[in-house]
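# Structure at a glance
Single-letter residue listing:
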Amino acid sequence: MQILTLSAKQLGLLVILLGFHVASFALDPIYTDRKTKSAIGGYDTVAYFTEGKPVKGSTKYTTTYQGATWRFSSQENLDKFSANPEKYAPQYGGYCAYAVSRNTTASIRPEFFTVHQGKLYLNYNKGVYKRWIKDKNKHISRANKNWPDVLE
């Protein structure tokens, strides 16, 4: 009998990939957080563009877009989103952009993001973010080919 041994790095990647596989059952066009039931875990998508960082949204400023609830930190940001949701909504429905580039889906953590060429990309965790950022153009190209078919 042969025993398979994995390094800590290999084991970590395996866990991430298995997490992607499990998360692939989420078929909604917009990823919503289980806890908040909101897109981007209740964070204000406009703030990524205007403040360059994740900012918690409020239940006071909400709208519905593509079947999901979106929260904003101010009426101004809600108005900006309402006027042009395609400009501010994250790519790939808010699913992890790296996962979509690998032809699967995964949840995200709002603090791991990139605004690149006027578009918002979110990632699963810090390790995935580091992989994403190393060659984001390649990953974007792959993810664009996979989206939205990856939801099927």
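Just so it is clear, the model here is predicted, and its values are computed rather than measured. (Residues numbered from 1 in each chain as written. Predicted model: local features only at pLDDT ≥ 70, side-chain atom pairs only at ≥ 80, totals over all residues. Heavy atoms only, no water.)

## With respect to the overall build of the protein
A count of helical and extended segments in the protein gives seven helices and four strands. From first element to last, N terminus to C terminus, the protein shows the α and β order α-α-β-β-α-α-α-β-β-α-α. Across the 152 residues of the protein, 42% fall into the buried class. The long-range fraction of contacts in the protein, counting pairs at least 24 apart against all pairs at least 6 apart in sequence, stands at 58%. As displayed, the protein has an accessible area near 8,800 Å², and 51% of this comes from carbon and sulfur atoms. (Helix = DSSP H or I, 4+ residues; strand = E, 2+ residues; numbered from the N terminus. Buried < 20%, exposed > 50% of the residue type's maximum accessible area, 1.4 Å probe, protein only. Contact = heavy atoms within 4.5 Å. Areas by Shrake-Rupley, 256 points an atom, 1.4 Å probe, with all protein chains shown as cover.)

## A word on the layout of surface pockets
Here the second largest pocket is characterised by a volume of approximately 200 Å³. The wall of the second largest pocket is formed by Pro29, Ile30, Tyr65, Gln66, Glu86, Ala89, Pro90, Gln91, Tyr92, Gly93, Asn144 and Trp147. For the lining of the second largest pocket, the per-class residue count stands at seven nonpolar, four polar and one charged. (1 Å grid on protein atoms, 1.4 Å probe; cavity = no way out; pocket = protein on both sides within 12 Å on 5 of 7 lines; lining within 4 Å. Points joined across faces, edges and corners; volume = space filled by probe spheres on them. Nonpolar A, V, L, I, M, F, W, Y, C, P; charged D, E, K, R; others polar.)

## Points about helix α3 (residues 75-83)
Residues of α3 that are buried include every one of Asn77, Leu78 and Phe81, and no others. Viewed end-on, α3 has its buried residues packed into an arc of 100 degrees, placing them on one side of the element. Opposite the buried face of α3, by more than 90 degrees, sit the exposed residues Glu76 and Ala83. Here the buried face of α3 lies against α2 (45-50), β1 (58-65), β2 (68-72) and α4 (85-88). (Arc of directions from axis to C-beta.)

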